[in-house]
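# Summary of the model geometry
Read off the chains here:
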Amino acid sequence: MARRGLSRIFTGLALMAGVWALILGTTASVSFARTGPVPGQDDERSGVSHYFAGPEGLAIPTEPCDPAGPSATDGIMAGQLNPQLGAKMAGYLDAYKMSCARMVTQAVKDRGLNPRAAAIAIATIIVETSMNNYSQAVDHTSIGLFQQQDWWGTREQRLNPAYATNAFLNAMERVYPGGSWNTAPIGDVCWRVQQPREDLRHLYGIEAGDATLIANALWAGTSTGPEHPYGSGRVVSGRSADGRLEAFAAGADGVHHAWQTTVNGDWSTWRFVGGPRDAQLAVAPNADGRLELFALSDSTFDHMWQTGPSAGWSAWENFGTGGHRLAAGNNADGRIEVFASNTEGVFHRWQTAPSGGWSGWEGTHGGPANARLAMETAPDGRLEVFALSDSTFEHLYQSGVNGGWSAWENFGTGGRSVTASHNRDGRLEVFASNADGVFHRWQTSPTTWSAWTGTGGISDAELTTSRTVDGRVEVFAINATTASHAWQTAPDAAFSQWETFGGGGTSIGAANNADGRIEVFGTSHAGVYHRWQTGFATWSQWAWLNDSGPAVT
């Protein structure tokens, strides 16, 4: 209903209204207003105007979505996506509209939600404004990408894509609590948040497929916000640019690789890819969307990378000499930074340009010898590194975004394993295990930390973390006899009691599917298992990851 012919109908009706106004000597207007609340009565509804603007838009003033304007990449991506679209925006994407979708997607990513949330928001702005940030109200006081009326915020706020997107997401999470918007049809979510007339409900569903294509394309390409590192260990997983998880496990013969054959779906059989034996692994995304894998053994350090976003993998290339443990993450500008420990301390190496070449190895002026490493991204985009040995715990952090590094600071006593995550508000959360169980410490502000607090948990456990779709941190622990997990009872809140998660094993890793569901990988002397969320609070049983894969000691 929202194609060019309807925009001509609208224009014609508007002209007729003006003629009748002159004839009658009164002020007349045409409004295709949806039924909605009176301001102040129900501010969870939008009451916004739906005036069937065509993809090319009416002659309505717009505001820039990105203050810097559309980028060259916006134009390139629009050209690539146009032939793939099948609904209202087919052939009508341009650099400006892509910049608007990019800013919406970045706001979703910064909030800690997933690509499906971005698709919901983009489907909404396609229907409401054909992805235009309209600065002049057509129906009542509705302006901006989402056509939000004045009870959603000030004029400046509603024309700010980040504010407008978060206002929309706030309403979405009220209407669909606990991440339930992940399992509802995209069109229904948009309609229930926006609340147009019932006969307009179907329009959002029509745009769901195109919105998902746009969101998935932008998700890999938005790099202005912080990237949070994947966990490192004997089994690791990262998400390809198209949303499929890729998993790697280190056996005595080298590295093995499996991948999802469809987004959020089934897995391939394991493929042996060689590389260092009995390695510690880390995976990180390049700025252009290609994943890169790092494998460190006691005698060598190698890496390989995807030859294109979501594509096949290169051969192995040497990256350094042997060591103990490693961690990898992304600078705020997208450059990968890699840390490794050995008997002399902690060293690092970084990309000299996004998706580009590498510096040489440099020391960090200390750090615990043979430390287990974890890395996380601070709220402002600075990387922080945590290094735990048998006898001490230290950390260091970037002194500025994309910048140099602090001196090492004491962070606690020694232990077995360390992992780090981030709260929904950005504050970091660090977990460490020892013979007495699992302990954690968290940022009380961007520059201050709590004391260490015991959580109970199993002794001498290997640890990993992930985040639920609503931004709650979940921590997983495994030792030789049992596995367990605990989770925040609400975003940025306290943790539950530990709950049994399965039998024992040798290592554990976790990642998030494209729809936000957590997938956990466990290893043993028999091979690699996985367990995944079947909803956003329910879990499958443990199963082989397709086939058994490598034994991991």
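For the structure, see preceding data.
Residues numbered from 1 in each chain as written. Predicted model: local features only at pLDDT ≥ 70, side-chain atom pairs only at ≥ 80, totals over all residues. Heavy atoms only, no water.

The strand order 9-10-11-12 describes an open sheet built from four strands, whose pairing is antiparallel. The open sheet has two free edges, formed respectively by strand 9 (326-330) and strand 12 (362-363), since each of these has just one partner strand. Bridging between strand 9 and strand 10 (residues 336-342) involves five bridges; their strand directions are antiparallel. Along strand 10, the bridge assignment pairs Ala-327 with Phe-339. (Pairing = 2+ DSSP bridges. Helix = DSSP H or I, 4+ residues; strand = E, 2+ residues; numbered from the N terminus.)

A few words now on the sheet that holds strand 25 (residues 499-503). Taken together, the four strands give an open sheet; going across it, the order is 22-23-24-25, and neighbouring strands pair in antiparallel fashion. Because the sheet does not close on itself, it has two edges, and the strands there are strand 22 (462-467) and strand 25. Strand-to-strand twist of the sheet, defined as the mean angle between neighbouring strand axes without regard to direction, takes the value 25 degrees. Relative to strand 24 (residues 482-487), strand 23 (residues 473-478) runs antiparallel, the two being bridged by five bridges. Across the sheet, residue Ile-478 finds its bridge partner in strand 24, namely Ala-483. (Axes fitted to C-alpha atoms, helices over the stretch in contact; angles between N-to-C directions.)

Our next topic: the nonpolar core. Counting 55 residues, the largest nonpolar core has Leu-93, Ile-122, Met-172, Trp-181 and Ile-214 as its most contacted members. Only helix 2 (72-81), helix 3 (95-111), helix 4 (115-129), helix 6 (161-175), helix 7 (186-194), helix 8 (202-206) and helix 9 (208-221) provide two or more residues apiece to this core. If you tally residues by element for this core, the top one is helix 4, at 10 residues. The contact partners of Ile-122, leaving out residues within four places of it in the chain, are Ala-101, Val-104, Thr-105, Ala-211, Ile-214, Ala-215 and Leu-218. (Core = buried A, V, L, I, M, F, W, Y, C linked by side-chain atoms within 4.5 Å. Buried < 20%, exposed > 50% of the residue type's maximum accessible area, 1.4 Å probe, protein only. Contact = heavy atoms within 4.5 Å.)

The next subject is the pattern of salt bridges. What the rule picks out here adds up to 17 salt bridges. With a closest N to O distance of 2.8 Å, Glu-173 and Arg-111 form a salt bridge. Taken as a pair, Glu-173 in helix 6 and Arg-111 in helix 3 lie far apart in primary sequence, 62 residues in all. Grouping residues by exposure puts Glu-173 and Arg-111 together as buried. Ionic pairing is found between Asp-188 and Arg-201, a salt bridge with its closest N-O pair at 3.6 Å. Taken together, the residues span a long stretch of sequence, with Asp-188 in helix 7 and Arg-201 in the loop between helix 7 and helix 8 at a distance of 13 residues. Each of Asp-66, Asp-74 and Arg-102 takes part in one network of salt bridges that share partners. (Salt bridge = Lys/Arg side-chain N within 4 Å of Asp/Glu carboxyl O.)

For the rest of this paragraph, the subject is the side chain of Gln-194. With respect to the helices and strands, Gln-194 occurs in helix 7. For Gln-194, a relative accessible area of 0% gives the class buried. One polar contact links Gln-194 to Glu-128, side chain to side chain, over a distance of 3.2 Å. A polar contact is formed between the side chain of Gln-194 and the backbone oxygen of Phe-146, at a distance of 3.2 Å. (Polar contact = N/O pair within 3.5 Å; in protein donor to acceptor, adjacent residues only side chain to side chain.)

Now for the packing of aromatic side chains. For the structure on display, the rule yields 22 aromatic pairs. Relative to Phe-521, the ring of Trp-267 has its centre 5.7 Å away and its plane inclined at 85 degrees; by these criteria the two rings are edge-to-face. Separated by 254 residues along the polypeptide, Trp-267 in the loop between strand 3 (254-259) and strand 4 (271-274) and Phe-521 in strand 27 (residues 518-524) bring together distant segments of the chain. In this structure Trp-267 comes out as buried when scored by relative accessible area, which is 7%. Connected via pairs of aromatic rings, a cluster forms that spans Phe-294, Phe-301, Phe-319, Trp-358 and Trp-361. (Phe/Tyr/Trp six-rings, centres within 6.5 Å; stacked < 30°, edge-to-face > 60°.)

On to the packing of helix 6 against helix 7. Relative orientation of the contacting elements helix 6 and helix 7 amounts to 105 degrees, with a least axis distance of 9 Å. It follows from the interaxial angle that helix 6 and helix 7 lie roughly perpendicular. Side by side, helix 6 and helix 7 meet where Phe-168, Ala-171, Met-172 and Val-175 of the first sit next to Val-189, Arg-192, Val-193 and Gln-194 of the second. (Parallel < 35°, antiparallel > 145°, perpendicular 65-115°, else oblique.)

These figures come from the coordinates and say nothing about function on their own.
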